[in-house]
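# Working through the structure, step by step
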Amino acid sequence: MGGEKTDYIIVGGGLAGISLALELLVRGKNIVLLDNPEPSASSRIAAGIIHPIVPKGVRLTWMGETIFPLIPVWYREWETRLSASFYQTMEGFQIHPNAETAAFWQQRASSTEMNVWIAPFSRESLPGISAQQGHNAIHHCARLDTNTFLNAALLWLKEKIIIECCMFEHASLKKQGQQWQYGKYRADGIVFCEGIGVLENPWFHKLHFHPTAGDILTLKFDKDLPQALYKNRSWLVPDGKGNWLAGSTFHKGSRNTTPVSEDAEKLMEQIRSWTNIPFFMLHHRRGIRPTVEGRRPYLGEHPKDAGLFIYNGLGSKGSSLIPWLSPMMADFLCNGKTLNSEVDISRFDL
Ligand SMILES: Cc1cc2nc3c(=O)[nH]c(=O)nc-3n(C[C@H](O)[C@H](O)[C@H](O)COP(=O)(O)OP(=O)(O)OC[C@H]3O[C@@H](n4cnc5c(N)ncnc54)[C@H](O)[C@@H]3O)c2cc1C
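A brief report on the enclosed structure follows. Given the structure is predicted, the values throughout are model-derived calculations rather than measurements.

### Regarding the overall build of the chain
Looking only at helices and strands, one finds seven helices and 19 strands in the chain. Here the chain has a C-alpha radius of gyration of 21 Å; the compact-globule value for 350 residues is 20 Å, and the two agree. Out of the 350 residues belonging to the chain, those deemed buried represent 41%. In the chain, the share of contacts with a sequence separation of at least 24, taken over all contacts with a separation of at least 6, comes to 74%.

### Brief notes about the packing of helix α3 (residues 64-82) against helix α7 (residues 318-335)
The N-to-C vectors of α3 and α7 enclose an angle of 85 degrees; their axes lie 8 Å apart at closest approach. Here α3 lies roughly perpendicular to α7, going by the angle between them. Every residue of α7 that contacts α3 at T66, I67, L70, I71, W74 and Y75 is listed here: S320, L321, P323 and W324. Grouping the constituent residues of the contact of α3 with α7 by class yields eight nonpolar, two polar and no charged.

### Let's talk about the environment of E200
You can see E200 is positioned in the loop between β11 (185-192) and β12 (212-221). Sequence separation between E200 and F279 is 79 residues; the distance between their C-alpha atoms is 40 Å.

### Describing the packing of helix α1 (residues 15-26) against α7
Contact geometry for α1 and α7: axes closest at 9 Å, N-to-C directions at 45 degrees. When the axes of α1 and α7 are compared, the pair comes out oblique. For the pair α1 and α7, the crossing hand works out as right-handed. Contacts from L15, A16, S19, L20, E23 and L24 in α1 reach G318, S319, I322, S326, P327, M329, A330 and L333 in α7. Taken together, the residues of the contact of α1 with α7 break down into nine nonpolar, four polar and one charged.

### Notes on the site of the ligand
Close contacts around the ligand come from 43 residues, with G14, G195, G197, G214 and G318 the closest. Put simply, the parts of the chain that give the shell around the ligand at least two residues each are α1, β2 (31-35), α2 (42-45), β12, β17 (279-289) and α7. Residues of the shell around the ligand, tallied by class, amount to 18 nonpolar, 20 polar and five charged.

### Overview of the environment of H283
By the secondary structure assignment, H283 is in strand β17. On the basis of neighbour counts, which here come to 12 C-beta atoms within 10 Å, the residue H283 falls in the exposed class. Counting along the chain gives 84 residues from H283 to L199, while the straight-line C-alpha distance between them is 28 Å. Excluding anything up to four places from it in sequence, H283 contacts L217 and T218.

### With respect to unusual backbone geometry
Here the residue pair G247 and S248 is connected by a cis peptide bond, since its omega of -20 degrees sits within 30 degrees of zero. With respect to the element layout, S248 can be found in the loop between β15 (244-247) and β16 (251-252). The phi dihedral of H140 falls on the positive side, at around 65 degrees, and the residue is not glycine. Summarising the element assignment, H140 is placed in strand β7 (residues 135-144).

### Quick look at the nonpolar core
Core analysis: the largest hydrophobic core is formed by 90 residues, its most contacted members being I9, I10, L20, V191, F192 and Y311. With sequence-adjacent residues up to four places away left out, I9 is seen in contact with V32, L34, Y182, Y185, A187 and I190.

### Side note on the pairing of strand β10 (residues 179-182)
Taking every second residue as pointing to the same face, the buried face of β10 carries W180 and Y182, while none of Q179 and Q181 on the other face is buried. Sheet topology note: the strand β9 (residues 174-176)/β10 ladder contains three bridges and is antiparallel. Its bridge partner lying in β10, Q176 is registered against Q179. As consecutive antiparallel partners, β9 and β10 are separated by two residues, and within that stretch G177 has a phi angle of approximately 65 degrees, a positive value. A loop of two residues connects β10 with β11, the two strands running antiparallel in sequence, and G183 in this loop sits at a positive phi of about 55 degrees.

### Considerations on α7
With 18 residues, α7 extends 24 Å from end C-alpha to end C-alpha; this agrees with the ideal 26 Å at 1.5 Å per step. W324 marks the point of greatest bend in α7, at about 35 degrees, and the proline P327 comes within the next four residues. Among the residues trailing α7, G336 stands out with phi positive, at a value near 65 degrees.

### Looking at helix α4 (residues 99-109)
Among all positions in α4, only A102, W105 and A109 are buried. The buried residues of α4 all sit within an arc of 65 degrees when viewed along its axis, so they share a single face. In this structure, α4 carries A99, E100 and Q107 as exposed residues pointing more than 90 degrees from its buried face.

### Digging into the pairing of strand β14 (residues 235-238)
Inspection of the sheet shows strand β13 (residues 229-231) paired to β14 by two bridges, in the antiparallel sense. Bridged to Y230 within β14 is L236. What sits between the antiparallel neighbours β13 and β14 is a turn of three residues. Pairing between β14 and β15: four bridges, direction antiparallel. For P238, the partnering residue across the bridge sits in β15 and is W244. In this structure, the hairpin formed by β14 and β15 is closed by a connection of five residues, where G240 is found at a positive phi of approximately 85 degrees.

Quick notes on the rules
Residues numbered from 1 in each chain as written. Predicted model: local features only at pLDDT ≥ 70, side-chain atom pairs only at ≥ 80, totals over all residues. Helix = DSSP H or I, 4+ residues; strand = E, 2+ residues; numbered from the N terminus. Rg over C-alpha atoms; globule rule 2.2 N^0.38 Å. Buried ≥ 20, exposed ≤ 12 C-beta atoms within 10 Å, placed from the backbone. Contact = placed C-beta atoms within 7 Å. Axes fitted to C-alpha atoms, helices over the stretch in contact; angles between N-to-C directions. Parallel < 35°, antiparallel > 145°, perpendicular 65-115°, else oblique. Nonpolar A, V, L, I, M, F, W, Y, C, P; charged D, E, K, R; others polar. Left-handed = near helix turned anticlockwise from the far one by under 90°. Near = placed C-beta within 6 Å. Core = buried A, V, L, I, M, F, W, Y, C linked by C-beta atoms within 7 Å. Pairing = 2+ DSSP bridges. Expected span 1.5 Å × (residues − 1). Bend = angle between axes of the 7 residues up to and from the residue. Arc of directions from axis to C-beta.

Set out below in structure tokens:
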């Protein structure tokens, strides 16, 4: 048995793969990262919104109490290590489209369970916003500039680990005793972080993935809105470069990454219905979210093929979840610590 020995090969360089590489490296592991970089990869398209509230039922997002204290700490720490700025906290505003929705938010905001997250209902007008049904401010919102984060991490990692831009061919992976051989590399474990590319993975494709395509627009407003995250049925968030990101659509089951102008028109019409500053579109992009049944990510080891691992299923919440899940996955790999039972794939029969 020959080749270059490494602890782990990570397949996929999106939010999951890159953040796991960072966490494994600080735990002293050797890593090879194999990624086929695609401009339409979910992590490259994502708006990076971090928001604690699920609109349906106006409740706290899953594991919000655990995750939200970790998020700023983890990103600030990595901003310092990577000497880059990619995490921006901001006020959120939920702009109510009708009186019924306003009344429901008003009621939920006054509950003791939610008043840490949602400010009291207000009818005060917001500059640039034309909706007349009032709003609630949302605390603890933020935005991860995913491209700046990924680029800074790649630059830092490049000096410390092997990174190859290539398509991983699953058929070329061979078991050699207790280890896995892929080309010239010999590894104790392979961690698949392939996003929706997992559908081609012969070991993990049976997990229930439901790809959901989504559109993001970059808009230029004639006059700037105050920097904040605005949500109605659609949303607007500053991109940090003087423009605004707007989204999004949910095309369930679609794996098509070619933008269609009809989607952009519908989104812009929606945004015009609650803003009053003229804007025009600069870009329209489309990506595929790795959404999963039950909205719980998939982490863990293959039950039959020891040494094959998965870290996937971040759905539309990658930016909020990696500060919690990547250290958890790294501790599982390095120290045998147990995974949260809701994300552990041992709950499935593969
Ligand atoms: C329109 C849209 C808006 C979004 N907005 C937000 C948001 O506001 N907030 C938020 O938190 N999340 C958002 N998301 C979701 C977020 O993008 C995902 O949760 C996250 O990026 C998933 O990261 P990942 O690393 O699992 O997958 P990906 O980003 O898809 O990365 C997987 C990587 O693996 C590579 N790969 C796959 N197969 C192979 C192979 N065989 N060999 C080599 N490389 C391979 C891919 O090319 C890719 O580079 C959005 C997604 C979309 C599409």
